[in-house]
Structure formats: C-alpha cells, structure tokens
Amino acid sequence: MSTLATPIAARLRAPAARFWSLPVALRIALGVAFLAGFSLALRTQGLHGRYWIDEGLSVGISSHPLTDIPSVLRQDGSPPLYYLILGAWMDVFGVGEARTHMLSVAFAVLDVPAAFLAARAMFGSRAGWIAALLTAMNPFLTYYAQETRMYALVALLSTIVAGTFVLSFVQRRRAWLPVFALALVLLMYSHNWGLFLAVGTGVALLVLLAGDPDRRGLLRDAILAYGAVAVLYAPWLPSLAFQAAHTGAPWSEAPTTKEALGAVTSLLGGAGAATAFALAAGTGLAGLLVTPRLRGPKARAVLALLTMGIVALALAWTLSQISPAWATRYLSVLIGPLLLVGAAGLARAGALGLVVVALIALIWANPRTHALQTKSNAHAATTYVRDVMQPGDLVVAVHPEQGPLMHLYMPKGLRWANAMGPVADPRVMDWRDALPRLKAAKPTPTEDGLVRSLRPNQRLLLVAPIIRSANWSAPWTSWVRRRSAQWQRVLDKDERLARVLAAPHLRGRRPKGVRLVLYQRL
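In what follows, the accompanying structure is described. (Residues numbered from 1 in each chain as written. Predicted model: local features only at pLDDT ≥ 70, side-chain atom pairs only at ≥ 80, totals over all residues. Heavy atoms only, no water.)

**Comments concerning the packing of aromatic side chains**
Throughout the structure, instances matching the rule amount to 19 aromatic pairs. Between tyrosine 143 and tyrosine 144, the ring centres sit 4.9 Å apart and the planes meet at 75 degrees, which makes this aromatic pair edge-to-face. For tyrosine 143, a relative accessible area of 23% translates into the label partly exposed. With 5.1 Å between their ring centres and 50 degrees between their planes, phenylalanine 165 and phenylalanine 169 make a pair best called tilted. Taken as a pair, phenylalanine 165 and phenylalanine 169 lie in helix H9 (residues 151–169) at a separation of four residues, close to a single helical turn. The pair formed by phenylalanine 165 and phenylalanine 169 is uniform in burial state, with each residue classed as buried. An aromatic cluster of at least three residues, connected via ring pairs, comprises Phe140, Tyr143, Tyr144, Tyr151, Trp193, Phe196, Trp251, Trp326 and Tyr330. It is arginine 74 that lies over the ring of phenylalanine 242; its NZ or CZ is 3.9 Å from the centre. For the cation-ring pair, arginine 482 lies above tryptophan 479, with the distance from its terminal atom to the ring centre recorded as 4.1 Å. (Phe/Tyr/Trp six-rings, centres within 6.5 Å; stacked < 30°, edge-to-face > 60°. Buried < 20%, exposed > 50% of the residue type's maximum accessible area, 1.4 Å probe, protein only. Helix = DSSP H or I, 4+ residues; strand = E, 2+ residues; numbered from the N terminus. Lys NZ or Arg CZ within 6 Å of the ring centre and 35° of its normal.)

This is the structure:
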C-alpha cells in the first residue's frame, strides 16, 4: 500500500510545487480567478428561470431607444444607469432570460476581485481572501446575479465605493479620489438607495475629520470628491424631483425594526449564518477597536465602514416610516460595506474566524435554484392562451405592473389595457400618480368602454393576480386586490361576453404570479 501511495503523493506534490514556484502576483491572480470561476458556476444554476414582474419592467424599459430611456423613467421612479446598460446589452446579445441574466452574473463575478482588492488594501491578504470567498458565495448575490434587475450592479458599486472611500480618506491615497467619486455617482445613478450610502459616507467622513490631524487636507479632498459627485449627478435632479412627487412606492409598507433586522440577516443567507458571521466578525472587530492603536488606519477603516453602513440603513428605515419605499432587495447597497468589514473581523478572529468562514461557505454553497425557478408562473400561464389570441384581441391586466411582463410572453399585435384603462405603451408601467388613478377608475364604466371596442368574436384576456396570503395590505396592493375581484364580477355578469377558460386551476399550493380568464365577445 505504501508503495502505491508514494507515487500518488509525488504526483500530487508536483503541481503544488509548480504553483508555489510561480511569481506571487500570478498566484494571486490565479486564486482570484478560481474564486471568480466558482462564483460563475454557482450563479448560473438558475440562469434560465423565467421572468417575474420587476424583470418584465426592466426588459420593457430597456427595449426603448437608449436616448429615450431617461424620459421613459419619469413614469417608473428609477435612475437610468442600469437600464441604459441593459439596453445596450440586449442590442448585442438579444432578449431572453439567460441572455439578460448573464449581465447580472457578470456584475456579481466582477465583485469578487473588487472585494479582494479592497479588503486586501485595507486589512491585509487574509482579509482579502476571506472577502473574495464571501463575495463569491454570498446567497443574496447568488440570487440577484440571476435576475434581470440592478441589484448585482449596486452590490458591485457599493464594494468599490466602500473600498475607495477608505483608500481616499483613511489611507489618504489621493489617486483614488476620482475612482471614489465616479463609483459613488454611478451608484446613485443605479438605484435611489445609493443616495443613502452617499449620506453614510458623508457621516463617516465627519467622524474621520474629528480625529484626523490633517483636517484641512482631508476637507480639501472631500470637497473635490463630493463636488465632482454633485456636478455629475445634478442633471438627474429634475427627474428625481418629478419622480419623488409623482411615482413613489405605493406598493410598500413602513418596515418595523424587526423587519429591518430580518432584511439584514437575509443579506447573509438567514439567521443561522448571520449569527455566526456577526459573533465571529464581532470578536475580531472588538479586538481591533479596543486596542490602544484605535487611531490606526485599520481601526479607522472599520469605523468608517460601520458608520456608512449603519447610517445608510438607519436613513432608509427612517424615511420609509414617513413615505414607505422599503424592500429587502434594496439592501444590496449595503453588501459592500457589510462583507468588507465582516472580512476584516473574521481575519482578525484567528482560528475562530477561519472555522466560521468554512461553516458559512458550506451553508452558502446551496444555489437555491427552486426559488429562482418559481418567481412567477406568467410564462407557464400564457401557454394556455397564446395560440388562441389573435391580433386586435385585448389584454387587461388588473394587476397593472404585470402588463409589461405579460407583453414579453404574449403574441405581437394585441391591444393592451389595465384597470385604469387603455395602455399606449405596454412595455412600461406608468407609476405617475398611479394610486389616485386606480382609485378613480371605476370598474364598470372602464370595462364597458373596453368591451365596446371589441368586435364580435374578438377576445378579452383578464390578467388577475393570484392572492397567496393576506399580505396585500399596502395602499397599492390592497386596491389591486379589490379591483381584481370587482373586475371579475363585472366581466362575468356582462351579457356581451362569454367566458371561455380560466387558468391555471388553483388547487393545493398556489403559485406566484397570475391567473388568466379568457372571454369572447358575442
């Protein structure tokens, strides 16, 4: 047995010896490339998962000419960067779940080297490798890497913002100031919650100013960086003001403190992994912060990352008490500071930190593809009616934001409406004053006008939401629920229509998505 083991061991040692004989920079590049490749494999398991509501909105908006997208977004409430990138991507690679999901995969994979470089520059090599591993396997990123939304891009930019902030204002490496300013303004152009992280970095800067001997130099650099951000973001301010006045998030409710904490734990894959992460990283961070070298660059970097993340979260929560605009996915803006400061703590926690990293990696290795493949039944539902719908037939989405998604999966040449009346551009959900318009649009006269537009034998397809729980209590969703029931009653009683089919049949566990009811004009 030993005679067999000897040549096997020799064969295993030979590649290892060759690897360790390579230049350090090349070994590092290969290691990071391996983690990026692992991230790619993990984050393409559910690549072909069908679109859900928000993805339909993304594709619909981005299908407009690039120069039109900023003006189209006055109806939506989002900043334009992601949609411009997605529009250019679709022009090259086409439309389809796998094609558009790959853009998000690319952002998530790029976050691996970004996290490695940022953590290594701030806290050393061990922290760099831990940050790269955490970023490569983080389940929140794994999920949103396979969704046609901006959250993987936001996570990437938040990592760059957090890292370059520390390099610029803690380590005082002024060459990174332009990178910080550019990354921050791109983040603000990607998602409105980027504004919260921007405020968080501003508060972190004030904390740094209080303990920096070169306050004048630090303040000068801050004016240069944030001045550039202000100049670059200024062109979007009129659109932002219009969106704030007319769109908002009527589908959202004010979060409780418990819900906010639960959202943070979801960034780390659930309560178990989050608890282990917090205890081990907290041990390392406490050891760093209570040392006499509190004024050292590593301690100040930790303080800056914690400050920007906590302030951003607190500001988002507080403003959502006044005007609700809260969703767990929006917390992607915290991924960068969270994983970077966690990597610092885990690296300093010694053996305990390495054990916890290994345990978290085991938990996070599950790609959770079932959730990705059951986001919506919209595509499956359309298979019941696609072959019978003819040009000129009418689709009425009484859950209005389902309209752009259904438009992706239905034949060309159909006419489109929602519970508020005819829709001129079915690729976009018009959120401008949507709640007052939904309340004002009475089902009976709205339905009567639409049915009058049908010729004999033409069809009307009702797209209704599947109500799976009692959580439809936000202002918008409660009215959608009410209007859905009213519309079905009005259509069923209309003697000008014959009901042809209803699908899917809702037996047992209800899917997420839509129920279709087809009528024919007599």
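Having put the structure on the table, let's press on.
**Focus: unusual backbone geometry**
Residue alanine 503 is joined to proline 504 through a cis peptide bond whose omega torsion reads -5 degrees. Tracing the backbone through its elements, the reader meets proline 504 in the loop between strand S5 (497–503) and strand S6 (514–521). Phi is positive for arginine 368, which is not a glycine, with a value near 55 degrees. Its place among the elements puts arginine 368 in the loop between helix H18 (351–364) and helix H19 (369–373). With a phi close to 50 degrees, aspartate 433 is a non-glycine residue in the positive phi region. If you trace the backbone, aspartate 433 turns up in the loop between strand S3 (421–422) and helix H22 (434–440). Aspartate 433 sits in the partly exposed class, given a relative accessible area of 33%.

**Re the nonpolar core**
Counting 132 residues, the largest nonpolar core has Phe165, Phe169, Leu305 and Leu346 as its most contacted members. In terms of residue count, H9 provides more of this core than any other element does, 12 residues in total. Contacts of leucine 305, omitting those with residues within four sequence positions, involve Met122, Phe123, Ala162, Val166, Pro337, Leu340 and Val341. (Core = buried A, V, L, I, M, F, W, Y, C linked by side-chain atoms within 4.5 Å. Contact = heavy atoms within 4.5 Å.)

**Considerations on helix H10 (residues 177–190)**
Taking 1.5 Å per residue as the helical rise, H10 with its 14 residues ought to reach 20 Å, and the 20 Å between its terminal C-alpha atoms agrees with that figure. Among the 14 residues of H10, 10 are classified as buried, and the element is accordingly described as predominantly covered. Every buried residue belonging to H10 is among Leu177, Phe180, Ala181, Ala183, Leu184, Val185, Leu187, Met188, Tyr189 and Ser190, and all of these are buried. Among the structural elements, helix H5 (81–93), H9, helix H11 (194–211) and helix H12 (215–233) are those in contact with the buried residues of H10. (Expected span 1.5 Å × (residues − 1).)

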